[in-house]
Amino acid sequence: MQKFLLTGCLVALLWSCESKKDYQQETDTFLQTYAAQYQKLYTVSSEAEWASNTKIVEGDSTNAIATRQANEAFAAFTGSKENIQQVQSLLEHEDQLKPIQVKQLKAALRAAANNPQTVAAVVKKRIKAETEQSEKLYGFNYKLNGKSVTTNQIDEILRTETNPAKRLAAWEASKEVGTVLKSGLVNLRQLRNETVQALGYHDYFSYQAEDYGMKREEMMALMRKINQELKPLYRELHTYARYEFAKKYNEKQVPDMLPAHWLPNRWGQDWSSMITVAGSNLDAALKPKGVEWQVKQAERFYQSLGFPALPASFYTKSSLYPVPAGEKYKKNNHASAWHMNLEKDVRSLMSVEPNAEWYETTHHELGHIYYYLTYTNPDVPVLLRSGANRAYHEAMGSLMGLAAMQQPFLANLQLVNAKTKTDQVQSLLKEALNYVVFIPFASGVMSEFEHDLYAKNLAPADFNNRWWELAQQYQGIVPPNKRDDKHADATTKTHINDDPAQYYDYALSYVILFQLHDHIARKILKQDPHATNYYGNKEVGKFLASIMHPGASVDWRQVLQEKTGEDLSARAMVAYFQPLMDYLKAQNKGRKYTL
Ligand code: X8Z
Ligand code: ZN
């Protein structure tokens, strides 16, 4: 009996080892073929998208047609019935597979869910609608007082103009594009939802949240929590800004809510240019340096930490600067970073000008680029060449942007006079006007709007009402005048159109970046987190590269635990800005709070 049992056990054990090996072998074989084809079609699609985004010629649809074809081919492959069946059947033996195999299969299934060929006609329509929406957005002719203007020019006016009437005109000009985008968004919402519903998702927002292993309700609960945690600080900033702007624009009556055109950003998501810290005028210091210097300087910063030089092709193939005046084409005016072939062809699309905003954005984009380069290594299979999650991808470069703006760093680069003592509170205030002000926009307005759009089927007639209701509730911002139904102000924000239902990535990225920064400052540099200089520190580089190296082959929660000893938490961000509270409360003494 015992012998029999033992023999039986052995047989079972051997059999299960064999079958485990078989499944693993089968999965490897499948993944090898799948990944090779995936990479090939992905590359063709990226090249076509690149052309479409860097050269938009009115009336010429050559690029758009090529893009559509490439994206259809990618969709036909990733969403093919055979691939879906194969992946699903392999996943039935999940417990027998290696974790890295399971991760790849799940990545393949996610790609399939965005393109299921069981609803091929819907996917095709969606691809067409996406290309058209991007062309409308980036091909749009913004006009101010009858003259064409670029979004960089509008942004410059909103940062610097003191005449409220001129500000209003610029703000209104920036919102006109919404009138041509509204119907496209209605259509895209429908098509995006229908696409992912074919593989069982409730809606597109749920599909996007699942990338974090979260349900949409969990993601929204997290967004509301982050927002609540930063609310006391935001409330102080809101009060401060209402009174300061009223002074600046000679408005005797301080409004309860901030008129949107008073703010130095089209969506009121970043107010940092509202103040200049004495002795630290970065805009003035950057102007004479020119645009190329900014990109090179950002690269030097990464190199100083031990990252390699950018591949030569980055400079020859990227599109880094604004389209020269007089050219007949337009390009995507929103910054992005591209991993063209999931190998070393990396590019950035920007319209860099010599100012602090682009200086920060350049560091942000190079964060994506160095993430791409770092996880492109033999340990990381092609299908897992992405961030630990999407927020990590956004966090890396934003972290470097924060570091590149702190006083000791700037003094080291002689961008500010090392001898002038800058006011620490003012520096912190300037940072809060960027990072803290962003939270109600990202976690509140954008996330709630997209949630309602996709998961609640928000009626088109309510698009603008809901948008401004959220802006008032979260940001304490109101439109300067009554917005009518033909406008769709939400669609003026790039991501609503072409990076859908994932803006919470940015809110999370700020939370993560302060967790990482806190760790770097205290544990690695042993410096005050408010006044660091990362420059040249190889330990910092090693720390960042160790997060980047495994890409998506690791669990994002585990990474945070291992690297910082903490779970995801706004603690570090709240603590960082805490010293500002007393100052703001003193400034706001006797003022009316309205949020
Ligand atoms: O979209 C971006 C990046 C694209 S990779 C420039 N950001 C958000 C935005 O501009 O709205 C960076 C922070 C927020
Ligand atoms: Zn980014």
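The present account deals with the structure reproduced in this document. Counting restarts for each chain: residues are numbered from 1 in the order of the written sequence. For naming, the first written chain is A and the first written ligand is 1, with later ones following in the order written. The predicted origin of the model limits local features to residues at a pLDDT of at least 70 and limits the giving and counting of side-chain atom pairs to 80 or more, whereas totals for whole chains, interfaces and linings rest on all residues. Side-chain numbers come from the whole structure's heavy atoms, not from hydrogens or water.

1. Some remarks on helix α22 (residues 556-564)
Next, step 1: Categorising residues by exposure relies on relative accessible area from a 1.4 Å probe, with only protein chains included: less than 20% of the type maximum marks a residue as buried, more than 50% marks it as exposed, and the intermediate range marks it as partly exposed. The numbering of helices and of strands both runs from the N terminus, where a helix is a DSSP run of H or I of at least 4 residues and a strand a run of E of at least 2. Buried residues of α22: W556, V559, L560 and T564, and no others. Viewed along the axis of α22, the buried residues span an arc of 95°, placing them on a single side of the element.
Next, step 2: Pairs of residues are marked as contacts when any of their non-hydrogen atoms sit within 4.5 Å. Contacts made by the buried residues of α22 are with α15 (390-403), α20 (504-525) and α21 (538-548).
Next, step 3: What qualifies as a polar contact is a pair of N or O atoms within 3.5 Å, subject to a donor-acceptor requirement within protein and to the restriction that residues adjacent in sequence count only when both atoms come from side chains. The N-cap of α22, judged by a side-chain oxygen 3.2 Å from the amide nitrogen of R557 a few residues on, is D555.
Next, step 4: Looking one or two places after α22, you find G565, whose phi comes out positive at around 75°. Here the arc refers to the directions that run from the helix axis out to each C-beta atom.

2. Notes on the site of ligand 1
Next, step 1: For each residue, the test is whether any non-hydrogen atom lies within 4 Å of the molecule or strand; if one does, the residue is near. Near ligand 1 you find 13 residues, and of these Q269, H334, K493, H495 and Y503 are the closest.
Next, step 2: Separating an oxygen atom of ligand 1 from a side-chain N or O atom of Q269 is a distance of 3.1 Å.
Next, step 3: One of the side-chain N or O atoms of Y503 is found 2.5 Å from an oxygen atom in ligand 1.
Next, step 4: Per-residue accessibility takes into account occlusion by the displayed protein chains alone, with areas from the Shrake-Rupley method and a 1.4 Å probe. When ligand 1 is considered free in solution it has 370 Å² of accessible area, and contact with the protein chains removes 86% of it.
Next, step 5: Here the shell around ligand 1 takes three residues from helix α14 (residues 356-375), the largest share from any one element.
Next, step 6: We call Asp, Glu, Lys and Arg charged. Ala, Val, Leu, Ile, Met, Phe, Trp, Tyr, Cys and Pro are nonpolar, and the rest, Gly among them, are polar. The residue inventory of the shell around ligand 1, partitioned by class, reads five nonpolar, five polar and three charged.

3. Looking at the coordination of the zinc ion (ligand 2)
Next, step 1: For Na, K and Ca the donor cutoff is 3.2 Å, while for all other metals N, O and S atoms must lie within 2.8 Å; water is not among the atoms, so some sites may look incomplete. Donor atoms from the polypeptide that coordinate the zinc ion (ligand 2) comprise H364 (NE2), H368 (NE2) and E394 (OE), at 2.0 to 2.1 Å from the metal.
Next, step 2: Around the zinc ion (ligand 2) sit four donor atoms, and with donor-metal-donor angles ranging over 90 to 143° the site reads as irregular.
Next, step 3: Mapping the donors of the zinc ion (ligand 2) onto the primary sequence yields the spacing H-x3-H-x25-E. Of the two residues, H364 and H368 are both situated in helix α14; the distance of four residues between them amounts to about one turn of the helix.
Next, step 4: The class of H364 is buried, set by a relative accessible area of 14%. When four donors show all angles between 85 and 135 degrees the site is tetrahedral, when four or six donors have opposite pairs over 155 degrees and all other angles between 65 and 115 it is square planar or octahedral respectively, and in every other case it is irregular.

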